[in-house]
Amino acid sequence: MTHEAAGVPTTRNDEDRQDSDRPDASRPAPETQDHAPGAPDVAGGPEGAAPRPEARLAKAVQAAEQALIEFEIAVETFRVEVENFSRLHHQKLGPMYARLDELDALIAEARAARTKDPEDERKAREARAAVLPMPGVDELFHDWMDGDGLSPEAAAMLTEQPVRPPKRVRPSEEARRLYRDLARKAHPDLAQDETERQRRDEFIARVNAAYGRGDVELLKELVEEWAAGPVPPPAPLSESEELYARLEWLTRRKELLTVLAQELEEGPIGSMLRMAPDDPDQLLEDIAEQLLGEVSRRESELAEMVQ
(Lines give C-alpha, C1' and ligand atoms only; values in the text may rest on other atoms or scores of the structure.)
Protein backbone atom coordinates (compact mmCIF):
# COMPACT_ATOMS: atom_id res chain seq x y z
CA MET A 1 0.00 0.00 0.00
CA THR A 2 1.40 3.46 -0.91
CA HIS A 3 1.62 6.32 1.54
CA GLU A 4 -0.76 8.33 -0.61
CA ALA A 5 -3.35 5.62 -0.38
CA ALA A 6 -2.98 5.47 3.37
CA GLY A 7 -3.45 9.24 3.70
CA VAL A 8 0.05 9.81 5.06
CA PRO A 9 2.23 12.69 3.71
CA THR A 10 4.99 11.58 1.34
CA THR A 11 7.75 13.55 3.14
CA ARG A 12 8.39 14.41 6.78
CA ASN A 13 11.18 16.38 8.45
CA ASP A 14 13.11 15.12 11.41
CA GLU A 15 10.95 17.00 13.86
CA ASP A 16 7.88 15.40 12.44
CA ARG A 17 9.54 11.99 12.76
CA GLN A 18 10.49 12.67 16.41
CA ASP A 19 6.97 13.94 17.18
CA SER A 20 5.51 10.84 15.62
CA ASP A 21 7.71 8.66 17.77
CA ARG A 22 6.48 10.30 20.98
CA PRO A 23 3.20 9.17 22.56
CA ASP A 24 0.29 11.33 21.51
CA ALA A 25 -2.04 12.21 24.37
CA SER A 26 -4.85 12.84 21.90
CA ARG A 27 -4.73 9.26 20.64
CA PRO A 28 -6.98 6.83 22.48
CA ALA A 29 -5.27 4.14 24.51
CA PRO A 30 -5.64 0.58 23.32
CA GLU A 31 -8.84 -1.02 24.63
CA THR A 32 -8.44 -3.55 27.38
CA GLN A 33 -10.89 -6.10 28.72
CA ASP A 34 -11.12 -6.86 32.39
CA HIS A 35 -11.89 -10.47 33.27
CA ALA A 36 -10.94 -12.89 35.96
CA PRO A 37 -7.55 -14.52 35.66
CA GLY A 38 -7.73 -17.72 33.71
CA ALA A 39 -11.31 -17.06 32.48
CA PRO A 40 -11.90 -17.59 28.75
CA ASP A 41 -12.26 -14.52 26.64
CA VAL A 42 -15.04 -13.72 24.20
CA ALA A 43 -13.69 -16.20 21.68
CA GLY A 44 -14.22 -18.99 24.20
CA GLY A 45 -10.62 -19.73 25.17
CA PRO A 46 -7.72 -18.09 27.00
CA GLU A 47 -5.95 -15.22 25.23
CA GLY A 48 -8.38 -15.23 22.30
CA ALA A 49 -7.94 -18.93 21.48
CA ALA A 50 -10.75 -20.68 19.61
CA PRO A 51 -13.23 -22.64 21.79
CA ARG A 52 -12.61 -26.32 22.26
CA PRO A 53 -14.53 -28.64 19.93
CA GLU A 54 -16.05 -30.31 22.99
CA ALA A 55 -17.45 -26.95 24.14
CA ARG A 56 -19.15 -26.33 20.81
CA LEU A 57 -20.48 -29.90 20.80
CA ALA A 58 -21.78 -29.53 24.37
CA LYS A 59 -23.71 -26.42 23.32
CA ALA A 60 -25.18 -28.33 20.38
CA VAL A 61 -26.24 -31.17 22.69
CA GLN A 62 -27.81 -28.73 25.12
CA ALA A 63 -29.74 -27.02 22.33
CA ALA A 64 -30.89 -30.40 20.97
CA GLU A 65 -32.06 -31.46 24.44
CA GLN A 66 -34.14 -28.33 24.90
CA ALA A 67 -35.62 -28.68 21.40
CA LEU A 68 -36.48 -32.32 22.05
CA ILE A 69 -38.18 -31.47 25.33
CA GLU A 70 -40.36 -28.87 23.63
CA PHE A 71 -41.15 -31.31 20.82
CA GLU A 72 -42.07 -34.06 23.27
CA ILE A 73 -44.38 -31.67 25.11
CA ALA A 74 -46.08 -30.73 21.84
CA VAL A 75 -46.48 -34.35 20.72
CA GLU A 76 -47.77 -35.51 24.11
CA THR A 77 -50.20 -32.60 24.27
CA PHE A 78 -51.57 -33.50 20.86
CA ARG A 79 -51.74 -37.19 21.80
CA VAL A 80 -53.85 -36.37 24.86
CA GLU A 81 -56.10 -34.16 22.75
CA VAL A 82 -56.55 -36.95 20.22
CA GLU A 83 -57.28 -39.48 22.98
CA ASN A 84 -59.84 -37.23 24.66
CA PHE A 85 -61.50 -36.33 21.37
CA SER A 86 -61.60 -40.00 20.39
CA ARG A 87 -63.35 -40.86 23.65
CA LEU A 88 -65.89 -38.07 23.20
CA HIS A 89 -66.34 -39.05 19.56
CA HIS A 90 -67.08 -42.63 20.54
CA GLN A 91 -69.45 -41.68 23.36
CA LYS A 92 -71.41 -39.13 21.38
CA LEU A 93 -71.33 -40.52 17.85
CA GLY A 94 -70.78 -44.24 18.41
CA PRO A 95 -74.49 -45.04 18.84
CA MET A 96 -75.31 -43.11 15.67
CA TYR A 97 -72.74 -45.04 13.65
CA ALA A 98 -74.10 -48.30 15.08
CA ARG A 99 -77.64 -47.27 14.13
CA LEU A 100 -76.53 -46.44 10.60
CA ASP A 101 -74.85 -49.85 10.25
CA GLU A 102 -78.01 -51.56 11.48
CA LEU A 103 -80.19 -49.58 9.07
CA ASP A 104 -77.86 -50.40 6.17
CA ALA A 105 -78.18 -54.10 7.02
CA LEU A 106 -81.96 -53.90 7.30
CA ILE A 107 -82.26 -52.04 3.99
CA ALA A 108 -79.99 -54.55 2.23
CA GLU A 109 -81.96 -57.46 3.69
CA ALA A 110 -85.27 -55.91 2.67
CA ARG A 111 -84.00 -55.35 -0.85
CA ALA A 112 -82.70 -58.93 -1.11
CA ALA A 113 -86.00 -60.31 0.18
CA ARG A 114 -87.88 -58.36 -2.48
CA THR A 115 -85.62 -59.01 -5.49
CA LYS A 116 -84.37 -62.52 -4.64
CA ASP A 117 -81.24 -61.50 -6.55
CA PRO A 118 -78.14 -63.49 -5.48
CA GLU A 119 -76.04 -60.34 -5.68
CA ASP A 120 -78.43 -58.48 -3.40
CA GLU A 121 -78.42 -61.43 -1.03
CA ARG A 122 -74.62 -61.35 -0.95
CA LYS A 123 -74.63 -57.64 -0.19
CA ALA A 124 -77.17 -58.20 2.56
CA ARG A 125 -74.94 -60.80 4.19
CA GLU A 126 -71.96 -58.44 4.00
CA ALA A 127 -73.98 -55.58 5.48
CA ARG A 128 -75.17 -57.77 8.34
CA ALA A 129 -71.62 -58.97 8.99
CA ALA A 130 -70.50 -55.34 9.27
CA VAL A 131 -72.85 -54.78 12.20
CA LEU A 132 -70.93 -55.35 15.42
CA PRO A 133 -72.46 -58.32 17.20
CA MET A 134 -73.10 -58.38 20.90
CA PRO A 135 -70.17 -60.08 22.63
CA GLY A 136 -70.75 -63.55 23.96
CA VAL A 137 -70.52 -64.51 27.58
CA ASP A 138 -67.11 -66.04 27.07
CA GLU A 139 -65.84 -62.81 25.48
CA LEU A 140 -67.19 -60.71 28.33
CA PHE A 141 -65.82 -62.88 31.09
CA HIS A 142 -62.82 -64.35 29.24
CA ASP A 143 -61.75 -67.33 31.36
CA TRP A 144 -63.88 -66.44 34.36
CA MET A 145 -66.75 -68.70 33.28
CA ASP A 146 -66.89 -72.20 31.92
CA GLY A 147 -69.66 -74.71 31.22
CA ASP A 148 -70.36 -75.12 34.92
CA GLY A 149 -70.51 -71.39 35.69
CA LEU A 150 -67.80 -69.40 37.39
CA SER A 151 -64.38 -70.96 37.32
CA PRO A 152 -62.87 -71.87 40.70
CA GLU A 153 -60.37 -68.99 40.40
CA ALA A 154 -63.14 -66.47 39.69
CA ALA A 155 -65.34 -67.79 42.49
CA ALA A 156 -62.44 -67.62 44.93
CA MET A 157 -61.66 -64.02 43.97
CA LEU A 158 -65.31 -62.91 44.24
CA THR A 159 -65.74 -64.56 47.64
CA GLU A 160 -62.36 -63.30 48.88
CA GLN A 161 -61.13 -66.84 49.30
CA PRO A 162 -57.57 -67.91 48.53
CA VAL A 163 -57.07 -68.46 44.83
CA ARG A 164 -56.04 -71.96 43.88
CA PRO A 165 -52.34 -71.98 43.05
CA PRO A 166 -51.39 -72.77 39.48
CA LYS A 167 -50.54 -76.29 38.54
CA ARG A 168 -46.97 -77.14 39.42
CA VAL A 169 -44.56 -78.31 36.76
CA ARG A 170 -42.48 -81.32 37.61
CA PRO A 171 -39.00 -80.58 36.21
CA SER A 172 -37.34 -83.31 34.25
CA GLU A 173 -34.22 -85.10 35.44
CA GLU A 174 -32.10 -83.03 33.04
CA ALA A 175 -33.59 -79.82 34.41
CA ARG A 176 -32.76 -80.97 37.93
CA ARG A 177 -29.19 -81.77 36.94
CA LEU A 178 -28.70 -78.39 35.28
CA TYR A 179 -30.25 -76.60 38.22
CA ARG A 180 -28.04 -78.33 40.78
CA ASP A 181 -24.94 -77.58 38.70
CA LEU A 182 -25.82 -73.89 38.38
CA ALA A 183 -26.75 -73.58 42.05
CA ARG A 184 -23.41 -75.02 43.13
CA LYS A 185 -21.41 -72.71 40.88
CA ALA A 186 -23.39 -69.47 41.20
CA HIS A 187 -24.56 -69.62 44.81
CA PRO A 188 -24.46 -66.12 46.37
CA ASP A 189 -22.60 -67.43 49.45
CA LEU A 190 -19.56 -67.96 47.24
CA ALA A 191 -19.29 -64.22 46.54
CA GLN A 192 -16.17 -62.39 47.71
CA ASP A 193 -17.71 -58.90 47.75
CA GLU A 194 -21.10 -57.22 47.74
CA THR A 195 -21.07 -56.48 44.01
CA GLU A 196 -20.44 -60.13 43.19
CA ARG A 197 -23.14 -61.21 45.64
CA GLN A 198 -25.66 -58.96 43.94
CA ARG A 199 -24.74 -60.39 40.54
CA ARG A 200 -25.14 -63.93 41.83
CA ASP A 201 -28.46 -63.12 43.51
CA GLU A 202 -29.88 -61.80 40.25
CA PHE A 203 -28.55 -64.76 38.29
CA ILE A 204 -29.87 -67.37 40.73
CA ALA A 205 -33.30 -65.70 40.62
CA ARG A 206 -33.35 -66.31 36.86
CA VAL A 207 -32.17 -69.88 37.39
CA ASN A 208 -34.96 -70.53 39.91
CA ALA A 209 -37.57 -69.09 37.55
CA ALA A 210 -36.39 -71.30 34.69
CA TYR A 211 -36.27 -74.37 36.91
CA GLY A 212 -39.77 -73.64 38.25
CA ARG A 213 -41.08 -73.74 34.67
CA GLY A 214 -39.01 -76.80 33.82
CA ASP A 215 -37.41 -74.87 30.97
CA VAL A 216 -34.43 -77.04 30.05
CA GLU A 217 -33.37 -74.92 27.07
CA LEU A 218 -33.22 -71.76 29.15
CA LEU A 219 -31.24 -73.57 31.84
CA LYS A 220 -28.72 -74.64 29.19
CA GLU A 221 -28.41 -71.02 28.05
CA LEU A 222 -27.83 -69.96 31.64
CA VAL A 223 -25.08 -72.58 31.96
CA GLU A 224 -23.33 -71.07 28.94
CA GLU A 225 -23.86 -67.56 30.26
CA TRP A 226 -22.28 -68.39 33.61
CA ALA A 227 -19.36 -70.16 31.98
CA ALA A 228 -18.66 -67.08 29.88
CA GLY A 229 -18.22 -65.03 33.04
CA PRO A 230 -19.43 -61.53 33.85
CA VAL A 231 -19.75 -59.10 31.03
CA PRO A 232 -16.78 -56.73 31.19
CA PRO A 233 -17.75 -53.12 31.71
CA PRO A 234 -17.53 -51.01 28.57
CA ALA A 235 -14.43 -48.90 28.11
CA PRO A 236 -14.98 -45.36 29.34
CA LEU A 237 -15.85 -42.95 26.59
CA SER A 238 -14.04 -39.73 26.00
CA GLU A 239 -15.87 -36.45 26.45
CA SER A 240 -16.35 -36.11 22.70
CA GLU A 241 -17.60 -39.69 22.34
CA GLU A 242 -20.13 -39.21 25.12
CA LEU A 243 -21.40 -36.00 23.57
CA TYR A 244 -21.66 -37.56 20.11
CA ALA A 245 -23.48 -40.57 21.57
CA ARG A 246 -25.89 -38.27 23.35
CA LEU A 247 -26.49 -36.28 20.19
CA GLU A 248 -27.17 -39.47 18.21
CA TRP A 249 -29.67 -40.64 20.82
CA LEU A 250 -31.44 -37.29 20.74
CA THR A 251 -31.62 -37.50 16.95
CA ARG A 252 -33.12 -41.01 17.03
CA ARG A 253 -35.60 -39.93 19.68
CA LYS A 254 -36.65 -36.98 17.55
CA GLU A 255 -37.17 -39.28 14.56
CA LEU A 256 -39.39 -41.63 16.58
CA LEU A 257 -41.45 -38.73 17.89
CA THR A 258 -41.79 -37.37 14.37
CA VAL A 259 -43.23 -40.70 13.20
CA LEU A 260 -45.62 -40.75 16.16
CA ALA A 261 -46.74 -37.19 15.50
CA GLN A 262 -47.31 -37.98 11.82
CA GLU A 263 -49.40 -41.04 12.69
CA LEU A 264 -51.50 -38.99 15.10
CA GLU A 265 -52.05 -36.21 12.58
CA GLU A 266 -52.89 -38.56 9.71
CA GLY A 267 -55.22 -40.75 11.76
CA PRO A 268 -58.98 -40.26 11.51
CA ILE A 269 -59.29 -38.46 14.84
CA GLY A 270 -56.23 -36.30 14.23
CA SER A 271 -57.55 -35.34 10.82
CA MET A 272 -60.85 -34.31 12.38
CA LEU A 273 -59.06 -32.25 15.02
CA ARG A 274 -57.13 -30.40 12.33
CA MET A 275 -60.45 -29.38 10.77
CA ALA A 276 -61.43 -27.45 13.90
CA PRO A 277 -58.46 -27.10 16.24
CA ASP A 278 -60.02 -24.16 18.12
CA ASP A 279 -63.50 -25.64 18.68
CA PRO A 280 -63.56 -29.46 18.46
CA ASP A 281 -66.77 -29.63 20.51
CA GLN A 282 -68.63 -27.72 17.83
CA LEU A 283 -67.19 -30.10 15.25
CA LEU A 284 -68.75 -33.01 17.14
CA GLU A 285 -72.07 -31.19 17.18
CA ASP A 286 -71.88 -30.63 13.43
CA ILE A 287 -71.02 -34.27 12.73
CA ALA A 288 -73.79 -35.44 15.07
CA GLU A 289 -76.29 -33.29 13.19
CA GLN A 290 -75.17 -34.77 9.86
CA LEU A 291 -75.43 -38.31 11.24
CA LEU A 292 -78.90 -37.68 12.59
CA GLY A 293 -79.90 -36.54 9.12
CA GLU A 294 -78.46 -39.72 7.62
CA VAL A 295 -80.31 -41.84 10.18
CA SER A 296 -83.57 -40.09 9.35
CA ARG A 297 -83.10 -40.62 5.60
CA ARG A 298 -82.27 -44.31 6.01
CA GLU A 299 -85.24 -44.88 8.30
CA SER A 300 -87.50 -43.29 5.70
CA GLU A 301 -85.98 -45.47 2.97
CA LEU A 302 -86.47 -48.59 5.08
CA ALA A 303 -90.06 -47.66 5.87
CA GLU A 304 -90.85 -47.33 2.16
CA MET A 305 -89.28 -50.71 1.38
CA VAL A 306 -91.16 -52.69 4.05
CA GLN A 307 -94.58 -51.21 3.31
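Our structure's up above, just so we're on the same page.
Rules used in this analysis
Residues numbered from 1 in each chain as written. Predicted model: local features only at pLDDT ≥ 70, side-chain atom pairs only at ≥ 80, totals over all residues. Heavy atoms only, no water. Salt bridge = Lys/Arg side-chain N within 4 Å of Asp/Glu carboxyl O. Helix = DSSP H or I, 4+ residues; strand = E, 2+ residues; numbered from the N terminus. Buried < 20%, exposed > 50% of the residue type's maximum accessible area, 1.4 Å probe, protein only. Expected span 1.5 Å × (residues − 1). Arc of directions from axis to C-beta. Contact = heavy atoms within 4.5 Å. Lys, Arg positive; Asp, Glu negative; His and termini not counted. Polar contact = N/O pair within 3.5 Å; in protein donor to acceptor, adjacent residues only side chain to side chain. Patch = residues over 30% accessible without salt bridge, like charges linked within 9 Å, V, L, I, M, F, W, Y side chains within 5 Å. Areas by Shrake-Rupley, 256 points an atom, 1.4 Å probe, with all protein chains shown as cover. Charge placed at Lys NZ, Arg CZ, Asp CG, Glu CD. Axes fitted to C-alpha atoms, helices over the stretch in contact; angles between N-to-C directions. Parallel < 35°, antiparallel > 145°, perpendicular 65-115°, else oblique. Nonpolar A, V, L, I, M, F, W, Y, C, P; charged D, E, K, R; others polar. Phe/Tyr/Trp six-rings, centres within 6.5 Å; stacked < 30°, edge-to-face > 60°. Core = buried A, V, L, I, M, F, W, Y, C linked by side-chain atoms within 4.5 Å. Left-handed = near helix turned anticlockwise from the far one by under 90°.

## As for the pattern of salt bridges
Following the criterion strictly, the structure yields 24 salt bridges and no others. In this structure, Glu-76 and Arg-79 form a salt bridge, with 2.7 Å as the shortest nitrogen-oxygen distance. In this pair, Glu-76 and Arg-79 are both assigned in helix H3 (residues 53–115), three residues apart and thus about one turn of the helix distant. Given a relative accessible area of 29%, Arg-79 falls into the partly exposed group. For Arg-197, the salt bridge is made with Asp-189, and the minimal N-O distance between the two is 3.5 Å. A relative accessible area of 28% means that Arg-197 is categorised as partly exposed. Residues joined by salt bridges that share partners form a network here, namely Glu-76, Arg-79, Glu-83 and Arg-87.

## Quick notes on H3
End to end, H3 covers just 81 Å across 63 residues, shorter than the expected 93 Å (1.5 Å per residue, more than 12% under). Where H3 terminates, the next one or two residues include Lys-116, which has phi positive at roughly 60°.

## Describing helix H11 (residues 268–275)
Those residues of H11 not exposed but buried are Ile-269, Gly-270, Met-272 and Leu-273. With its buried residues spanning 160° around the axis, H11 presents them on a single face. In this structure, H11 carries Pro-268 and Met-275 as exposed residues pointing more than 90 degrees from its buried face. On the buried face of H11, the contacting elements are H3, helix H10 (239–266) and helix H12 (280–306).

## Considering the side chain of Asp-120
In this structure, Asp-120 sits in helix H4 (residues 118–130). Buried charge without a partner: Asp-120 forms no salt bridge, and the closest opposite charge is Lys-123, 5.0 Å away. Within the structure, the side chain of Asp-120 is placed 2.8 Å from the side chain of Thr-115, a separation counted as a polar contact. Those residues in contact with Asp-120, other than ones at most four positions away along the chain, are Ala-108, Arg-111, Ala-112 and Thr-115.

## Re a negative patch on the surface
A contiguous patch of negative charge on the surface is contributed by Asp-278, Asp-279, Asp-281, Asp-286 and Glu-289. When its relative accessible area of 31% is taken as the criterion, Asp-286 is described as partly exposed.

## A closer look at the packing of H3 against H11
Helix-helix packing is characterised by the crossing angle of the two axes and by the distance between the axes. Put simply, H3 and H11 touch, their axes get as near as 9 Å, and they point 100° apart. Taken together, the axis directions place H3 and H11 in an arrangement best described as roughly perpendicular. When H3 is examined against H11, the residues Phe-78, Glu-81, Val-82, Phe-85, Ser-86 and His-89 are found in contact with a partner set consisting of Ile-269, Gly-270, Met-272 and Leu-273. Among the residues making up the contact of H3 with H11, the classes are represented as six nonpolar, three polar and one charged.

## Considerations on the packing of aromatic side chains
Evaluated as defined, the whole model comprises two aromatic pairs. Plain terms: the ring middles of Tyr-179 and Tyr-211 are 4.3 Å apart, the flat faces sit at 15° to each other, and that makes the pair stacked. Within this pair, whereas Tyr-179 is found in helix H7 (residues 173–186), its partner Tyr-211 is found in helix H8 (residues 194–213), the two being separated by 32 residues in sequence. Residue class for Tyr-179 comes out partly exposed when judged on its relative accessible area of 25%. Overall, the relative accessible area of 22% leaves Tyr-211 in the partly exposed class. Look at Phe-203 and Trp-226: their rings are 4.9 Å apart centre to centre, the planes differ by 40°, and that puts the pair in the tilted class. In this pair, Phe-203 is assigned in helix H8 and Trp-226 in helix H9 (residues 216–228), connecting sequence segments 23 residues apart. The exposure class of Trp-226 is buried, given its relative accessible area of 15%.

## Considering the nonpolar core
In this structure, Val-82, Phe-85, Leu-93, Met-272, Leu-283, Ile-287 and Leu-291 are the most contacted members of the largest nonpolar core, which totals 22 residues. If you list the elements that add at least two residues to this core, you get H3, H11 and H12. Among residues more than four places away in sequence, those in contact with Phe-85 are Ile-269, Met-272, Leu-273, Pro-280, Leu-283 and Leu-284. Phe-203, Val-207, Ala-210 and Trp-226 belong to the second-largest nonpolar core, a separate cluster that totals twelve residues.

## Some remarks on the packing of H3 against H4
For the pair H3 and H4, the least separation of the axes is 8 Å and the interaxial angle reads 160°. The orientation of H3 relative to H4 falls into the category roughly antiparallel. Considering only the axes of H3 and H4, their crossing is left-handed. Contact with H3, carried on its side by Asp-101, Glu-102, Asp-104, Ala-105, Leu-106, Ala-108, Glu-109, Arg-111, Ala-112 and Thr-115, involves Asp-120, Glu-121, Lys-123, Ala-124, Ala-127, Arg-128 and Ala-130 of H4 and no other residues of that element. Taken together, the residues of the contact of H3 with H4 sort by class into seven nonpolar, one polar and nine charged.

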